[in-house]
Amino acid sequence: MEDQARELRRIRITLIVLVIVTLISGGNSDVSVNYPNYDFEGEPQQNVIQLGDGRFGIITDGEYMMIYEYDAEKNKIKKVNDIELYELD
């Protein structure tokens, strides 16, 4: 019985020492994160136009706009339509 009490006392002392060491060494640590100069969404493109509701248009050759739709549930992009820019007036 006495051996068990000594063993429990040693375990308790060991746990107390581990807690104290963890509190002292696990404290203040500085973390620095360097982000690139642009957002995570990517660099802005001159030929991309936001149309709303998950749709966007890409202007090609200065004459055509291809309209795409982003489906968030499937994480897919599908082409909706091609429009010539003179039709938008």
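Just so we're clear, the structure is a prediction, and the values are computed from it rather than from any experiment.

Enquirer: Could you give me a rundown of the overall build of the protein, with the residues and numbers involved?
Expert: Each helix and strand counted, the protein has one helix and four strands in total. For the protein, the α and β elements follow one another from N to C terminus as α-β-β-β-β. When contacts within the protein are restricted to residue pairs at least 6 apart in sequence, those whose partners lie at least 24 apart make up 3%. Element-wise, carbon and sulfur atoms account for 51% of the exposed surface of the protein, whose accessible area totals about 8600 Å².

Enquirer: Got a sec to walk through the packing of aromatic side chains? Specific residues and values, please.
Expert: Taken as a whole, this structure holds one aromatic pair when the rule is applied. Ring centres of Phe-56 and Tyr-68 lie 5.7 Å apart, and the angle between their planes is 20°; on these two criteria the pair is classed as stacked. Of this pair, Phe-56 sits in strand S2 (residues 55-60) while Tyr-68 sits in strand S3 (residues 64-71), and the two are 12 residues apart along the sequence. For the residue pair Phe-56 and Tyr-68, the accessibility class agrees, reading buried in each case.

Enquirer: Got a sec to walk through the sheet that holds S2? Specific residues and values, please.
Expert: Taken in spatial order, the four strands of this open sheet run S1-S2-S3-S4, and their pairing is antiparallel. Each of the sheet's edge strands pairs with one partner strand only, and the pair in question is strand S1 (48-52) and strand S4 (76-84). For this sheet, the mean angle separating the axes of adjacent strands, direction not counted, is 25°. Pairing of S3 with S4, which is carried by eight bridges, proceeds in the antiparallel orientation. Following the sheet pairing, Met-65 is matched in S4 by Ile-83.

Enquirer: Help me get a handle on a nonpolar patch on the surface, residues and values and all.
Expert: Where nonpolar side chains cluster on the molecular surface, the patch consists of Leu-8, Ile-11, Leu-15 and Leu-18 and spans about 390 Å² of accessible area. Along the polypeptide, Leu-8 turns up in helix H1 (residues 2-25). Residue classification places Leu-8 among the exposed positions, given a relative accessible area of 52%.

Cut-offs applied
Residues numbered from 1 in each chain as written. Predicted model: local features only at pLDDT ≥ 70, side-chain atom pairs only at ≥ 80, totals over all residues. Heavy atoms only, no water. Helix = DSSP H or I, 4+ residues; strand = E, 2+ residues; numbered from the N terminus. Contact = heavy atoms within 4.5 Å. Areas by Shrake-Rupley, 256 points an atom, 1.4 Å probe, with all protein chains shown as cover. Phe/Tyr/Trp six-rings, centres within 6.5 Å; stacked < 30°, edge-to-face > 60°. Buried < 20%, exposed > 50% of the residue type's maximum accessible area, 1.4 Å probe, protein only. Pairing = 2+ DSSP bridges. Axes fitted to C-alpha atoms, helices over the stretch in contact; angles between N-to-C directions. Patch = residues over 30% accessible without salt bridge, like charges linked within 9 Å, V, L, I, M, F, W, Y side chains within 5 Å. Salt bridge = Lys/Arg side-chain N within 4 Å of Asp/Glu carboxyl O.

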